[in-house]
Amino acid sequence: MFDNYFITGVRAVASSSSELLDRLFVRRGDITRERVDAIVNAANPSLLGGGGVDGAIHRAAGPGLLEECRRLGGCRHGEARITGGHKLPSRHVIHTPGPVYKDGASGEHETLRSSYRNSLDLAMRHGLRSIAFPAISTGVYAYPPEEACEVAVKTVLNFMAETGYRIDVYFVLFDDTNFSTYSAYIGSLREKGNAPPADGGKR
Ligand code: ADP
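Please read all numbers here as calculations on a predicted model, not as lab measurements.

Calculation rules
- Residues numbered from 1 in each chain as written.
- Predicted model: local features only at pLDDT ≥ 70, side-chain atom pairs only at ≥ 80, totals over all residues.
- Pairing = 2+ DSSP bridges.
- Helix = DSSP H or I, 4+ residues; strand = E, 2+ residues; numbered from the N terminus.
- Axes fitted to C-alpha atoms, helices over the stretch in contact; angles between N-to-C directions.
- Expected span 1.5 Å × (residues − 1).
- Contact = placed C-beta atoms within 7 Å.

Caption draft 1: How the structure looks around the sheet that holds strand 2 (residues 38-42). The 6 strands lie next to each other as 1-6-5-2-4-3, forming an open sheet whose pairing is mixed. Two strands bound the open sheet, and with one partner strand each, they are strand 1 (24-28) and strand 3 (81-84). Sheet twist, expressed as the average angle between the axes of neighbouring strands with direction ignored, equals 25°. One ladder, built from 4 bridges, connects strand 5 (residues 130-133) with strand 6 (residues 168-173); its direction is parallel. The residue bridging S130 from the neighbouring strand is D168, located in strand 6.

The structure is reproduced here in structure tokens:
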């Protein structure tokens, strides 16, 4: 176990890497089937439904979700709102519009990070123990899957390390590209985390 686990590019954290990595699960499938405390919806700012995962969530949740969303009055990119799960097996839905990817130099990284952080912050404030994320922004919003995966996983790990909050996090991937990207990336972090320290263990 590493006492100093640095995740470059986001923020350095001091925690046991394997303890945090044990909270992450990668699944292939349809997020609307997940029986967790909250599933996250890659929404659009109107919160009134759309295509992709948003459409699937609204179809599975039924019209009560749209009614509840109407009362929220929208949500900016990177922010998050929580509703009930209605007919879904999950108790709640956390709605967050991720960034629309333009050129990678227009604040997309920060906005994507905010979507994950604000979703987790809501989960923490509601005392949730499990959450399922889709690959936010990698559909119609066109964020490159590998970069989006790195932001997602690093942000989740850093959030837990910084706050001390612990939650089981399911990354539920609908397509082959995202599923293999997440599996490989989290697998590589686990390998690093389980490798013997280069200095022979003196830390
Ligand atoms: P965005 O506008 O944030 O890009 P999309 O819904 O277009 O949102 O796509 C986000 C991701 O959600 C994509 O990787 C897409 O494959 C995935 N997706 C679509 N339907 C589902 C579903 N039912 N469960 C999980 N992920 C889904």
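Caption draft 2: Geometry of helix 5 (residues 145-163). With 19 residues, helix 5 ought to run about 27 Å at 1.5 Å a step, and its terminal C-alpha atoms sit 27 Å apart, in line with that. Two residues or fewer past helix 5, G164 is found with a positive phi of approximately 80°.

Caption draft 3: Spotlight on the environment of R23. Examined against the element boundaries, R23 turns out to sit in the loop between helix 1 (17-21) and strand 1. For the pair R23 and V156, spaced 133 residues apart in sequence, the C-alpha separation works out to 9.9 Å. Leave out the neighbours within four places in its chain, and R23 touches M160, R166, I167, D168 and V169.

In short, shape yes, function no, at least from these values alone.
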